[in-house]
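# Architecture at a glance
Residues per chain are reported as follows:
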Amino acid sequence: MLKLDNIVAGYGRTRILHGVTLDVPKGGLVALLGGNGTGKSTVLKTIVGLVKAQEGQVTLAGQIINDVPTEDRAALGLSLVPQGKEVFGGMSVEENLLMGAFHRRRHRTEIAGDLEGVYQRFKRLRERRNVAAGMLSGGERQMLSIGRSLMARPTMLLLDEPSAALAPRVVEEIADAILALRDLGLTLLLVEQNVGMALDIADYIYVIRGGRIAFEREVGDGVAMDELQEFYLGGKEHA
Ligand SMILES: Nc1ncnc2c1ncn2[C@@H]1O[C@H](COP(=O)(O)OP(=O)(O)OP(=O)(O)O)[C@@H](O)[C@H]1O
Ligand SMILES: [Mg+2]
């Protein structure tokens with residue numbers, strides 16, 4: 001579904017990604033793990049086109065999309081749930097959700113149906129539909145941010161640290177919501193620092209360090225926390 005081939009990218013003259021290669025199969029739930037400042041968000045921004053790949057290829061459903069503008073990538077089904085649970089604080093929950101449908105010219109009844117779908121998925125958002133988004137708890141803001149992305153009817157969702165700064169019970173709720181989206185047929189790339197959560201739900205993991213993939217492994221009985229820690233803390237290089 002999505003392939004990154006040897007992506008080199010950065011900001012101005014500063015290179016952050018030094019040849020990132022990864023693969024997210026259709027319907028898969030792949031996690032990209034790594035410490036602070038290792039380039040995780042830069043990978044997601046390169047996928048949606050907010051950062052330009054200087055070298056390498058971004059391929060979506062067989063089409064090289066390096067030169068496709070960000071808006072058009074949304075039309076191809078890509079949607080990013082950005083880091084930081086950013087919402088329009090002065091607008092109501094429902095207004096925030098409707099912003100997610102803004103790019104698609106769709107019939108009112110279709111949009112109403114999508115809105116209903118999000119409310120079914122996140123019941124708390126329905127209860128709080130008329131509340132200013134700035135009044136929401138962290139968990140509710142994360143649900144709103146995911147809900148807003150869903151309003152664009154993506155086929156592939158990129159989530160940037162959805163569990164950050166949330167209580168364990170709320171992290172579980174978010175994890176369940178992500179699994180439900182996978183069951184719905186969405187393809188997911190999840191950036192996380194919460195290794196436990198990622199190992200619980202992902203079927204494949206990559207670890208990025210210093211702008212390079214340092215480790216990758218299918219998640220099954222075999223992935224030991226210890227082994228992962230080693231890659232986090234340094235020492236080992238990609239075998
Ligand atoms: N807009 C920008 N301009 C210049 N440098 C940037 C910009 N955004 C990020 N960087 C730098 O790029 C590097 C990687 O940042 P990135 O946001 O991709 O890391 P990250 O893995 O997502 O970190 P975190 O876990 O803290 O979110 C960092 O050194 C950061 O300072
Ligand atoms: Mg980040």
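Residues numbered from 1 in each chain as written. Chains lettered and ligands numbered in written order. Predicted model: local features only at pLDDT ≥ 70, side-chain atom pairs only at ≥ 80, totals over all residues. Heavy atoms only, no water.

Applied cut-off: UniProt positions are given in the numbering used here, feature names are shortened, and annotations may be inferred rather than shown by experiment.
Naming follows an unreviewed UniProt entry, where the protein appears as ABC transporter ATP-binding protein of Microvirga brassicacearum. On record in UniProt, under Sequence similarities (unreviewed entry), the comment for the protein is "Belongs to the ABC transporter superfamily."

### Points about the packing of helix α6 (residues 138–150) against helix α7 (residues 168–183)
When two helices pack together, their arrangement is given by the angle between their axes and by how far apart the axes lie. Put simply, the rule reads: To obtain an axis, a line is fitted to C-alpha atoms, over the contacting stretch when the element is a helix, and the angle between two such axes runs from 0 to 180 degrees between their N-to-C directions. A run of H or I in DSSP counts as a helix once it spans at least four residues, and a run of E counts as a strand once it spans at least two, with each numbered from the N terminus. For classification purposes, angles smaller than 35 degrees are called roughly parallel, those larger than 145 roughly antiparallel, those between 65 and 115 roughly perpendicular, and all remaining angles oblique. By convention the crossing between two helices is left-handed if the near helix lies anticlockwise of the far one by an angle smaller than a right angle, and right-handed if it lies clockwise. Whether two residues are in contact is decided by their heavy atoms: any pair within 4.5 Å suffices.
The contact between α6 and α7 brings their axes to 10 Å, and the two run at 15°. Between α6 and α7, the angle is such that the two are roughly parallel. The chirality of how α6 crosses α7 is right-handed. Of the residues in α7, those in contact with Gly139, Gln142, Met143, Ile146 and Leu150 of α6 are Val170, Glu173, Ile174 and Leu181.

### Points about the site of ligand 1
Filter applied, for reference: We define proximity as follows: a residue is near a molecule or strand when any one of its heavy atoms falls within 4 Å of that partner. Here a polar contact means two N or O atoms within 3.5 Å. Within protein one must be a hydrogen donor candidate and the other an acceptor candidate, and residues neighboring in sequence count only if both atoms are side-chain atoms. The method behind every accessible area is Shrake-Rupley, applied with a 1.4 Å probe, and residues are considered shielded solely by the protein chains displayed. Following the grouping adopted for this structure description, the nonpolar residues are Ala, Val, Leu, Ile, Met, Phe, Trp, Tyr, Cys and Pro, the charged ones are Asp, Glu, Lys and Arg, and the polar ones are all others, Gly among them.
Neighbouring ligand 1 are 13 residues, the closest being Gly37, Lys40, Ser41, Thr42 and Gln83. The contact in question runs from an oxygen atom of ligand 1 to an N or O atom on the side chain of Asn36, over 3.0 Å. One of the side-chain N or O atoms of Gln193 is found 2.9 Å from an oxygen atom in ligand 1. The protein chains hide 60% of the 630 Å² of surface that ligand 1 would expose on its own. In terms of residues, the shell around ligand 1 owes the most to one element, helix α1 (residues 40–48), which gives three residues. The residue inventory of the shell around ligand 1, partitioned by class, reads two nonpolar, nine polar and two charged.

### Overview of the pairing of strand β7 (residues 156–160)
We apply this condition: Under the scheme applied here, a residue whose accessible area is under 20% of the maximum for its type counts as buried, over 50% as exposed, and between as partly exposed, the area being computed with a 1.4 Å probe on protein chains only. We treat two strands as partners when DSSP finds at least two bridges between them. Orienting the strands away from the viewer, one traces the path from the first strand over the helix to the second; a clockwise path indicates a right-handed crossover.
Summarising burial for β7: five of the five residues are buried, a large majority. As paired strands, strand β6 (residues 78–81) and β7 are joined by four bridges and run parallel to one another. Residue pairing in the sheet places Val81 in a bridge with Leu159 of β7. In this view, the connection linking β7 to its parallel neighbour strand β8 (residues 187–192) by way of α7 has right-handed handedness.

### Observations concerning the coordination of the magnesium ion (ligand 2)
So the rule is basically this: Here the term donor refers to an N, O or S atom within 2.8 Å of the metal (or 3.2 Å for Na, K and Ca), and because water is left out of the atoms, sites may appear incomplete.
Coordination of the magnesium ion (ligand 2) by the protein is provided by Ser41 (OG) and Gln83 (OE1), with metal-donor distances spanning 2.0 to 2.2 Å. One end of the pair, Ser41, is in helix α1; the other, Gln83, is in the loop between β6 and α3 (93–99), with 42 residues separating them in the sequence. Exposure remark for Ser41: the relative accessible area of 17% places this residue in the buried category.

### Comments concerning the sheet that holds strand β2 (residues 14–24)
Read across the sheet, four strands follow the order β2-β1-β4-β5 without closing on themselves; strand pairing throughout is antiparallel. Pairing within the sheet leaves two strands with one partner each, and these edge strands are β2 and β5 (63–64). Looking at chain direction, strand β1 (residues 2–11) and strand β4 (residues 53–60) are connected through six bridges and run antiparallel. Note that in β4 the partner of Asp5 across the bridge is Gln57. Sheet strands in contact with α1 are β1, β2 and β4, and its direction is about 110° off that of β1.

### Topic: the environment of Phe88
Among the structural elements, Phe88 can be located in the loop between β6 and α3. Note on Phe88: relative accessible area 38%, which makes it partly exposed. Note: C-alpha distance between Phe88 and Asn6 (82 residues apart in sequence) is 35 Å. With near-sequence residues (within four places) excluded, Phe88 lies in contact with Asn96, Met99, Ala133 and Arg148.

### Brief notes about the nonpolar core
Counted only if it meets this: Throughout this description, the term nonpolar core refers to a set of buried Ala, Val, Leu, Ile, Met, Phe, Trp, Tyr and Cys residues connected via side-chain atoms within 4.5 Å.
One finds Leu157 and Ile178 to be the most contacted residues of the largest nonpolar core, which totals 44 residues. Top contributing element to this core by residue count: α7, with seven residues. Residues Ile7, Ala9, Leu22 and Ile213 belong to the second largest nonpolar core, which totals 28 residues.

### Considering unusual backbone geometry
You will see that Asn6, though not glycine, has its phi angle at about 50°, which is positive. Considering the arrangement of structural elements, one finds Asn6 in strand β1. Look at Glu161: it is not a glycine, yet its phi comes out positive at around 50°.

### Re the side chain of Ser79
Mapped onto the fold, Ser79 is located in strand β6. With near-sequence residues (within four places) excluded, Ser79 lies in contact with Ser149, Pro154, Met156, Leu157 and Leu158.

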